[in-house]
Each structure stands twice: as structure tokens, then as C-alpha cells.
Amino acid sequence: MQIIPLPAFSDNYIWLIREGRHAVVVDPGDAAPVLEYLQNNALRLAAVLITHHHADHVGGLPALLAEYPVPVYGPRREAIAGVDRPLDDRDHVSIEELGLAFEVIAVPGHTLGHIAYYTPGHLFCGDTLFCGGCGRIFEGTPAQLHASLERLAALPAETQVYCAHEYTLPNLRFARLAEPANAAREAFLAECERLRDAGRPTLPSSVGRERQINPFLRCSEPAIRTTASEQAGHPLNNAPEVFAALREWKNRA
Ligand SMILES: [Zn+2]
């Protein structure tokens, strides 16, 4: 199995999973790069996976379905034209053409119905967990997004994390403000600057790496509680409060 990032718009990645002559795409915001890749590689689309309803994740569905009328999996709690296999927490998806099976993890916060797709070794998490950061809270509450991220952070450390945006450099620069002394983060930031200078993606990340470098997964760290409390202007008593203050600070930063 190969997993390929197809760049779209200014900073999206449409992840394409290929095995043999078949492929699956996650969050095709634009059909053009998907159709081009399928044609150039003589692949047939087997299914589409959708994480949430935002246009930059679903906009390519009509054009893709006109060419390939395949099953489209997506969140049961969001109205998305084209989704015909609605999914909820702990549902299972099986894509026989690729020998792939996913477990669905409900991750509300960025949107209320947002789901992630997990198969051992790989996590497709849309706009919930980013490398070094997390999604904005458009529909849910900070407590919801914090709980969603805690679930993802509890997956095995080696799990590769396929986020839907290339936000790593600004995220890691914010992480530096939130947790100034973090040697692993500094080393990784230098590596990511080299990758971006070479025009390469910084993704996928991994759950183990995110636990080390991502301040939004490190809200119990005393150093982060201190900086977040300073920004909030009052003492923060627990990880969910630290998370809410960090998210609010990042919106202003
Ligand atoms: Zn989104």
C-alpha cells in the first residue's frame, strides 16, 4: 500500500491510498488533481472517504462521482451531498478492492460531525489534529475538541498521521511560544524548514511525534500551563482549561 499526498488549493492535501490497480481518496476538495493522478497511473477509484463537510474537503465530489460512481463514506451527523455510506463513532469501513479496513473515530470540535479514519499504522484525521497544532473550533466546544484530540493521542505511537493541511511551520512557531524549551520540537522545526525549502510535505507526522512536540497534546505539561495561564490572565487548573486558553491564544497569535 502506498499513500500519496495530492496538493490542492494553497495548503490542502488530498490523501490517495493505492494498492494494486485501485485507489481510495480522502477529502477530495478538488477533483482535478485526483483525476489526473488516477489517469496517469492507470488506477481505478474504489471509494471516497470524507471527514467533514467543509468545501475544501468535499468540493470535488460531484466531478469525481461523474467519472467514478463509487461509494462515498462520510459523517452521519453532517449533511453532505454525495455521501451515501453515513458513519458514526466506532463504525467499520471495509474496502475490499484494496484489502483495507478502517475504524471510525468521532472527533467533534472543528465541526460537530467530524470523523477520523483509523487503520493500524495510519490515521486520516482531516482538520482535527495537525502536525504541531489542531483545527479551529467552528462548531464544537474547546472541551469537545480537547477530548477528541486525547482520543487520537492515545493511539499507538507509531501511527502515521495524515492531516489535511500543510500548517506545520506556523504551528511549530506558535508551539515555541507556548513551550519555549522543547529540544525535540526545535530539532523537528529545523527539519521541517528544510523540507519546505525543498518544496516537500512535512507530513505524515506520527502520534508519538505529536505527543512530543504538539502543545495541544501537552496541556498537562507545567511549562505550557504557565505560559497559557499568563496569556489567559488567571491561573488555569486543568488540562481542558489549558487547552481552551491555548486555542484562544493561537487564534490571536
Ligand atoms: Zn475544515
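Residues numbered from 1 in each chain as written. Predicted model: local features only at pLDDT ≥ 70, side-chain atom pairs only at ≥ 80, totals over all residues. Heavy atoms only, no water.

**Considering the coordination of the zinc ion**
The zinc ion binds to the protein through His52 (NE2), His54 (ND1), His110 (NE2) and Asp127 (OD); the donor distances cover 2.1 to 2.3 Å. Considering all 4 donor atoms around the zinc ion, the spread of angles at the metal, 92 to 166°, places the coordination shape in the irregular class. (Donors = N, O, S within 2.8 Å, 3.2 Å for Na, K, Ca; no water. Tetrahedral: all angles 85-135°; square planar, octahedral: opposite > 155°, others 65-115°.)

**Digging into the sheet that holds strand 4 (residues 44–49)**
One open sheet accounts for 6 strands, arranged 1-2-3-4-5-6; its pairing is mixed. The two strands at the open ends of the sheet, each matched to only one other strand, are strand 1 (2–8) and strand 6 (85–87). The average angle at which neighbouring strand axes cross in this sheet is 25°, direction not considered. Direction of pairing for strand 2 (residues 12–19) relative to strand 3 (residues 22–26): antiparallel, over a ladder of 5 bridges. Bridging from a neighbouring strand, Leu16 pairs with Val25 of strand 3. Helix 1 (residues 32–40) contacts strand 1, strand 2, strand 3 and strand 4 of the sheet and is inclined by roughly 140° relative to strand 1. (Pairing = 2+ DSSP bridges. Helix = DSSP H or I, 4+ residues; strand = E, 2+ residues; numbered from the N terminus. Axes fitted to C-alpha atoms, helices over the stretch in contact; angles between N-to-C directions. Contact = heavy atoms within 4.5 Å.)

**Describing the pairing of strand 2**
With respect to burial, strand 2 is a largely interior element, 7 of its 8 residues being buried. In this sheet, strand 2 lies alongside strand 1 in antiparallel orientation, the contact comprising 7 bridges. Following the sheet pairing, Ile3 is matched in strand 2 by Ile17. Here strand 1 folds back onto strand 2, and the loop between the two strands holds 3 residues, one of which, Phe9, carries a positive phi near 50°. Between strand 2 and the antiparallel strand that follows it, strand 3, lie 2 residues; Gly20 among them carries a positive phi value of about 60°. (Buried < 20%, exposed > 50% of the residue type's maximum accessible area, 1.4 Å probe, protein only.)

**Examining the side chain of His110**
Here His110 lies in the loop between strand 8 (100–106) and strand 9 (115–119). One polar contact links the side chain of His110 to the main-chain carbonyl oxygen of Arg136, over a distance of 2.8 Å. Setting aside its immediate chain neighbours within four residues, His110 contacts His52, His54, Asp127, Gly135, Arg136, Ile137, Phe138, Glu139 and Leu145. (Polar contact = N/O pair within 3.5 Å; in protein donor to acceptor, adjacent residues only side chain to side chain.)

**Comments concerning the sheet that holds strand 14 (residues 205–206)**
A sheet is described by the order of its strands in space; here 6 strands give the open sequence 7-8-9-10-13-14, paired in mixed fashion. Because the sheet does not close on itself, it has two edges, and the strands there are strand 7 (92–95) and strand 14. Relative to strand 8, strand 7 is paired through 4 bridges, and the arrangement is antiparallel. Counterpart to His92 in the pairing with strand 8 is Glu103. Lying over the sheet, helix 4 (residues 142–153) contacts strand 8, strand 9 and strand 10 (122–126), oriented at roughly 150° with respect to strand 8.

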